[in-house]
Amino acid sequence: MQNILVATDGSEHADQAIELASVLSTALNAKLHIVHVRDQGTLSDDEIQLLSTEFSREVDKYINDNDMTNIPGSNSNYVKKHQEFAGIFHNIIGDYTMKSAVLLSKKNGVSDPDTHLRTGDAAENILSVARMINTDLIVIGNRGRNKIESMLMGSVSTKVNQAAKAPVLIVK
């Protein structure tokens, strides 16, 4: 086994998948690849909440760095009122998610994971990276952050499992 791909969205199940993939990567002397697919489009209420709490410093930094300090209210009000900047806010979440995943993999014995940050449909992008690196195993969490969407449209893990050429290990 040469390449293991783990997908993350920052959820608890994704963190468990990173931990397992890291242990496997180390034990099998395989290269660990981490993929995170940023959302596109408008921000969900959950994402606005994340930006207002966990990512408030990053939002404040973006507002200050881009001379937007004349906008009254908290950063959560700014995020709610300015959906046209959703792509930027998705980038903030995506960058943080990837950095957290790398730190978690290193904590679990991986010295230098490769990272793949994409935007768009999660399942399609995970499968694309899997083909690109010729992965031997895909590790993915059973449930992600967006539980309502997965109930309506099917989960990312199910889509990846059905379409992948490589074995898929789904972590519950």
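Up top is the structure these notes are about.
Position labels on residues start from 1 in each chain and follow its written sequence. Totals for whole chains, interfaces and linings use all residues, but because this is a predicted model, local features are given only for residues with pLDDT of at least 70 and pairs of side-chain atoms are given and counted only at 80 or more. For the side-chain quantities, the full set of heavy atoms in the structure was used; hydrogens and water were omitted.

1. Topic: the sheet that holds strand S5 (residues 168-171)
To summarise the sheet geometry, strands pair through backbone hydrogen bonds and adopt either a parallel or an antiparallel arrangement.
Here comes step 1: Two strands are said to pair when DSSP picks up at least two bridges between them. Only DSSP runs of H or I covering at least 4 residues are called helices, and only runs of E covering at least 2 are called strands; the numbering of each starts at the N terminus. Pairing is parallel in the open sheet, where five strands are placed in the order S3-S2-S1-S4-S5. Only two strands of the sheet have a single neighbouring strand rather than two, namely strand S3 (114-119) and S5. The mean inter-strand angle of the sheet, taken between neighbouring strand axes irrespective of direction, is 20°.
Here comes step 2: In the sheet, strand S4 (residues 137-141) pairs with S5 via four bridges, with the strands oriented parallel. Residue pairing for S5: Gly141 is matched across the bridge by Val171.
Here comes step 3: Contacts from helix H1 (residues 12-28) reach strand S1 (3-8), strand S2 (31-38), S4 and S5, with the element oriented near 165° to S1.
Here comes step 4: In this analysis, two residues are considered to be in contact whenever any of their non-hydrogen atoms come within 4.5 Å of each other. Every axis corresponds to a line fitted to the C-alpha atoms, with the helix fit spanning only the stretch in contact, and the corresponding angles, defined between N-to-C directions, vary from 0 to 180 degrees. Where helix H5 (residues 86-107) meets the sheet, its contacts fall on S1, S2 and S3, and the angle it forms with S2 comes to roughly 160°.

2. Looking at unusual backbone geometry
Here comes step 1: At Asn29, a residue that is not glycine, the phi angle is positive and equals roughly 55°.
Here comes step 2: Positionally, Asn29 belongs in the loop between H1 and S2.
Here comes step 3: Type-normalised accessible area, obtained with a 1.4 Å probe on protein chains alone, sets the label of each residue: buried when under 20%, exposed when over 50%, and partly exposed for intermediate values. Owing to a relative accessible area of 70%, Asn29 belongs among the exposed residues under this scheme.

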